[in-house]
Amino acid sequence: MKIGFIGLGIMGRPMAGHLRTAGHEIIVPERKSLTAEDRAGVTVAADAAAVAAAAEVVILMVPDTPDVEAVLFGAKGVAEGLKPVTLVIDMSSISPTATKGFAEKIKAKGGDYLDAPVSGGEVGAKQASLTIMVGGSSAAFERAKPLFELMGKNITLVGEENGAGQTCKVANQIIVALTIEAVAEGLVFAAKAGADPAKVRQALMGGLATSRILEVHGERMIKRTFAPGFRIRLHQKDLNLALQSGRELGLALPATANAQQLFSACAAAGGADWDHSAMVKALETLAAHKVAPDA
């Protein structure tokens with residue numbers, strides 16, 4: 001299959017790599033950021049419109065709602081080159097409300113549309129073990145499913161309406177942020193009380209408090225490995241979507257707002273591009289005590 005892929009970032013690059021390894025032709029727009037290795041494995045088109053004109057499926061993996069809008073509907077965007085029955089799959093994490101509007105515009109041009117945001121971070125992208133949350137018609141989902149299976153493991157059609165996948169992703173990001181905060185608070189508490197946080201984490205891994213975040217991000221907090229798998233500024237973007245949607249729904253999300261403030265404290269300290277597990281640094285500042293010395 002000829003697959004357009006727009007967004008070869010931390011996660012997009014390995015995701016596209018899995019599709020290429022499976023034998024699909026990957027078509028990308030010209031970008032200065034393309035490495036020699038990238039260029040050796042893909043077909044490079046002039047722009048997003050040319051990508052759409054050459055592809056059967058176009059996948060987007062870009063940072064935010066305005067980026068998706070620009071790629072789809074900006075000058076020389078996907079919509080300009082879109083052919084009838086082309087399937088557009090947005091795997092970015094963006095506004096559920098905006099997603100519905102984007103889908104309507106693509107469908108009006110004869111294409112089809114799925115919103116399919118992912119969870120699992122850089123590790124999941126590299127291991128092809130992403131969770132993929134999909135909104136859109138069952139027919140489009142069945143068409144895309146063989147591609148999703150090359151990139152992820154837990155693949156769910158959340159709803160037949162576009163935006164359902166993005167709504168699920170916002171809920172995911174609320175839960176992830178609050179669990180990072182819980183793990184960070186627990187480890188700061190343990191360290192301040194004089195316990196070995198590594199041993200505490202080891203003990204908790206066998207009890208009800210265990211989680212993937214305790215396993216992966218708890219280790220990051222102890223080993224001080226905050227190179228980004230998922231950047232704080234991107235998680236801030238997702239929590240902004242949650243809080244904005246909460247206001248639209250008349251819904252209070254107090255713990256989400258608190259987690260966003262802790263991320264904001266990290267960003268104010270120069271950490272917008274730290275891994276989101278570095279939320280622990282904001283709590284360490286409040287406690288005047290670190291889980292472990294910085295490397």
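Here, the structure is the one placed above.
## Considerations on the overall build of the protein chain
Next up, step 1: Regarding its fold elements, the protein chain presents 14 helices and nine strands.
Next up, step 2: Relative to the 2.2 N^0.38 estimate, which gives 19 Å for 295 residues, the radius of gyration of the protein chain is 20 Å and therefore close to what a compact globule would have.
Next up, step 3: Once the C-alpha set of the protein chain is aligned to its principal axes, its extents read approximately 65 × 45 × 35 Å.
Next up, step 4: Relative to its full complement of 295 residues, the protein chain shows a buried share of 51%.
Next up, step 5: Long-range pairs, those at least 24 residues apart, make up 67% of the contacts in the protein chain with a sequence separation of at least 6.
Next up, step 6: Surface summary for the protein chain: the accessible area is close to 13100 Å², and the carbon and sulfur share equals 57%.
Next up, step 7: Between the mean site of the 30 positive side-chain charges and the mean site of the 30 negative ones, the protein chain shows a separation of 4 Å.

## Overview of helix H6 (residues 96-108)
Next up, step 1: Taking 1.5 Å per residue, 13 residues should reach 18 Å; H6 reaches 19 Å between its end C-alpha atoms and fits that length.
Next up, step 2: Of all the residues in H6, the buried ones are Pro96, Ala98, Thr99, Phe102, Ala103 and Ile106. Taken around the axis of H6, the buried residues stretch over an arc of 145 degrees, which confines them to a single face. Exposed and oriented more than 90 degrees from the buried face of H6 are Glu104 and Ala108.
Next up, step 3: Capping of H6 at its N-terminal end is provided by Ser95; its side-chain oxygen lies 3.2 Å from the backbone amide nitrogen of Thr97.
Next up, step 4: Just downstream of H6 lies Gly110, where phi reads positive at about 95 degrees.

## Focus: the environment of Thr43
Next up, step 1: As for its position among the elements, Thr43 is in strand E3 (residues 43-45).
Next up, step 2: Relative accessible area serves as the criterion here: at 34%, Thr43 is assigned to the partly exposed category.
Next up, step 3: Separated by 14 residues in sequence, Thr43 and Pro29 place their C-alpha atoms 8.6 Å apart.

## A look at the layout of surface pockets
Next up, step 1: Space inside the largest pocket adds up to approximately 1200 Å³.
Next up, step 2: In terms of lining residues, the largest pocket is bounded by 49 residues, among which Met11, Gly121, Glu122, Gly229 and Phe230 are the most central.
Next up, step 3: Among the secondary structure elements, those contributing two or more residues to the lining of the largest pocket are strand E2 (25-29), helix H4 (65-73), strand E7 (118-119), helix H7 (121-127), strand E8 (130-135), helix H9 (164-192), helix H11 (212-223) and helix H12 (232-249).
Next up, step 4: Looking at the lining of the largest pocket element by element, the count peaks at five residues for H11.
Next up, step 5: Taken together, the residues of the lining of the largest pocket break down into 20 nonpolar, 18 polar and eleven charged.
Next up, step 6: Taken as a whole, the second largest pocket encloses approximately 290 Å³ of empty space.
Next up, step 7: Listing elements by their share of the lining of the second largest pocket, those giving two or more residues are H6, H9 and H12.
Next up, step 8: Of the residues in the lining of the second largest pocket, the class split is nine nonpolar, five polar and two charged.

## A look at the pairing of E2
Note on strand geometry: in a regular strand, side chains alternate between the two faces of the sheet.
Next up, step 1: For E2, the buried fraction is high: four of the five residues fall into the buried class.
Next up, step 2: Taken together, the three bridges between strand E1 (residues 2-6) and E2 define a ladder with parallel strand orientation. Counted as the bridge partner of Lys2 is Glu25 from E2.
Next up, step 3: After leaving E1, the chain enters helix H1 (residues 12-21) and then returns to the sheet as E2, a path that is right-handed.
Next up, step 4: For E2 and E3, the ladder comprises three bridges, and the chain directions are parallel. The residue of E3 that forms the bridge with Val28 is Val44.
Next up, step 5: Viewed along the sheet, the connection from E2 through helix H2 (residues 36-41) into E3 turns out right-handed.

About the criteria used
Residues numbered from 1 in each chain as written. Predicted model: local features only at pLDDT ≥ 70, side-chain atom pairs only at ≥ 80, totals over all residues. Heavy atoms only, no water. Helix = DSSP H or I, 4+ residues; strand = E, 2+ residues; numbered from the N terminus. Rg over C-alpha atoms; globule rule 2.2 N^0.38 Å. Buried < 20%, exposed > 50% of the residue type's maximum accessible area, 1.4 Å probe, protein only. Contact = heavy atoms within 4.5 Å. Areas by Shrake-Rupley, 256 points an atom, 1.4 Å probe, with all protein chains shown as cover. Lys, Arg positive; Asp, Glu negative; His and termini not counted. Charge placed at Lys NZ, Arg CZ, Asp CG, Glu CD. Expected span 1.5 Å × (residues − 1). Arc of directions from axis to C-beta. Polar contact = N/O pair within 3.5 Å; in protein donor to acceptor, adjacent residues only side chain to side chain. 1 Å grid on protein atoms, 1.4 Å probe; cavity = no way out; pocket = protein on both sides within 12 Å on 5 of 7 lines; lining within 4 Å. Points joined across faces, edges and corners; volume = space filled by probe spheres on them. Nonpolar A, V, L, I, M, F, W, Y, C, P; charged D, E, K, R; others polar. Pairing = 2+ DSSP bridges. Right-handed = clockwise from strand over helix to strand, strands pointing away.

Read these as spatial facts, not as claims about activity.
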